[in-house]
Amino acid sequence: MSREPPSFDLVVATVGRTAELARLLDSLEAQHYPRLRTIVVDQNDDQRVVGILAERDLELVHLRSPKGLSRARNVGLRDVSADLVAFPDDDCTYPPGLLDTLAERFAADPRLDGVTGRAEDERGRSSASWETEPAVLSYDNLWNRANAATMFLRSDLAVRLGDFDERLGLGSGEPWSSGEETDYLIRAIAAGARIAYDPTIVVLHDVRPDDAAVGLRDGASVGYLLRKHRYPSRAVARMLVRPVGGALLALARLDVPRARYYAASLRGRIRGYRGASRSNSSA
């Protein structure tokens, strides 16, 4: 007797995008996966996505949320009922067969609580920061082995973990406007979850430019997480040294924009680490 494949709930937070959301939904239809539900959490003040959703041959749930990426995902999490849950960005796409591959991976290893993969664009380009070797995630190695769009979890783990930290993520109103998925994975590891990074699992997403503004923002989130989760001083020092090394290497290659990115990342990490103490003491 053949076993039914695991079901997926995909929580898609969206605001301001229409063509990108349509492309994502096209890619989900092309999965032809039999047990797939897409939970669209709409943060728009208008009806711009209603027509896009009505045209789809997908099982869809349309929810509303205040602005803020983590707030929207938390609204979607409360509607999750499938075996597996994922959080695709509204401007990413899934390559053909991705859900079948993941379903087989989870079915083959019942002890596996999650899988993270890598992002690359449609021409196969990927950020140089992604690790190339598979690994089981730990506190020390998770930093370059996941983002929200490439994170796939068993839903019972998400139930145990609860909400994303709404002080993190785009629209949070805080300086650390990224890193909500990293925080979620750190909490998962603390709860004893076994999560594997597999660089052959790929989600299609445009490669983000490494400019100084991004370095400052993401660096602040890293610093915040180091303080929030009480990383030891040795780990904090290592995370501060990394952008210094990156800046020096970039300068040696005469890559001034990338050197500025790493310098901004260092400033952000220090700022986030200091600011986290004040934020958590007032929370």
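Please refer to the structure higher up on the page.
Anyway, here's the lowdown on the structure attached to this text. Since the model is a prediction, treat every value here as computed from it, not as a measurement.

What follows deals with the overall build of the protein. What the protein contains, in helices and strands, is 9 helices and 8 strands. The C-alpha radius of gyration computed for the protein amounts to 19 Å, which stays within 12% of the reference 19 Å derived for 283 residues, consistent with globular compactness. Along the first, second and third principal axes, the C-alpha atoms of the protein reach 55 × 45 × 40 Å. Taken over 283 residues, the protein has a buried fraction of 52%. Put simply, the protein shows about 13600 Å² of open surface, and 51% of that area lies on carbon and sulfur atoms. Computing the positive centroid from 39 side-chain charges and the negative centroid from 40, the protein places the two 9 Å apart.

What follows is about the pattern of salt bridges. Two side chains carrying opposite charge are able to pair once their charged atoms lie near each other. Within this structure, the stated rule accounts for 26 salt bridges. Two residues, Glu166 and Arg71, come together in a salt bridge whose shortest N-O distance is 4.0 Å. With a gap of 95 residues between them, Glu166 in the loop between helix H5 (155-161) and helix H6 (180-190) and Arg71 in helix H3 (residues 69-77) connect regions that are remote in the sequence. Two residues, Asp109 and Arg111, come together in a salt bridge whose shortest N-O distance is 3.9 Å. Here Arg111 falls in the exposed class, since its relative accessible area comes to 57%. When salt bridges with common partners are traced through the structure, they connect Asp165, Arg167, Asp183, Arg187 and Lys228 into a single cluster.

Within the secondary structure layout, Asp165 lies in the loop between H5 and H6. Contact partners of Asp165, with chain neighbours within four places excluded, come to Ser70, Asp183, Arg187, Tyr224 and Lys228.

Tracing the backbone shows Thr14 in strand E1 (residues 8-14). Sequence separation between Thr14 and Leu28 is 14 residues, and the spatial gap between their C-alpha atoms is 16 Å. When neighbours within four sequence positions are excluded, Thr14 is seen to be in contact with Leu21, Val40, Val41, Asp42, Gln43, Asn44 and Asp90. Of the polar contacts made by the side chain of Thr14, one reaches the side chain of Asp90; its length is 2.8 Å.

Calculation notes
- Residues numbered from 1 in each chain as written.
- Predicted model: local features only at pLDDT ≥ 70, side-chain atom pairs only at ≥ 80, totals over all residues.
- Heavy atoms only, no water.
- Helix = DSSP H or I, 4+ residues; strand = E, 2+ residues; numbered from the N terminus.
- Rg over C-alpha atoms; globule rule 2.2 N^0.38 Å.
- Buried < 20%, exposed > 50% of the residue type's maximum accessible area, 1.4 Å probe, protein only.
- Areas by Shrake-Rupley, 256 points an atom, 1.4 Å probe, with all protein chains shown as cover.
- Lys, Arg positive; Asp, Glu negative; His and termini not counted.
- Charge placed at Lys NZ, Arg CZ, Asp CG, Glu CD.
- Salt bridge = Lys/Arg side-chain N within 4 Å of Asp/Glu carboxyl O.
- Contact = heavy atoms within 4.5 Å.
- Polar contact = N/O pair within 3.5 Å; in protein donor to acceptor, adjacent residues only side chain to side chain.

Everything listed here is a matter of coordinates, which is why it stays silent on function.
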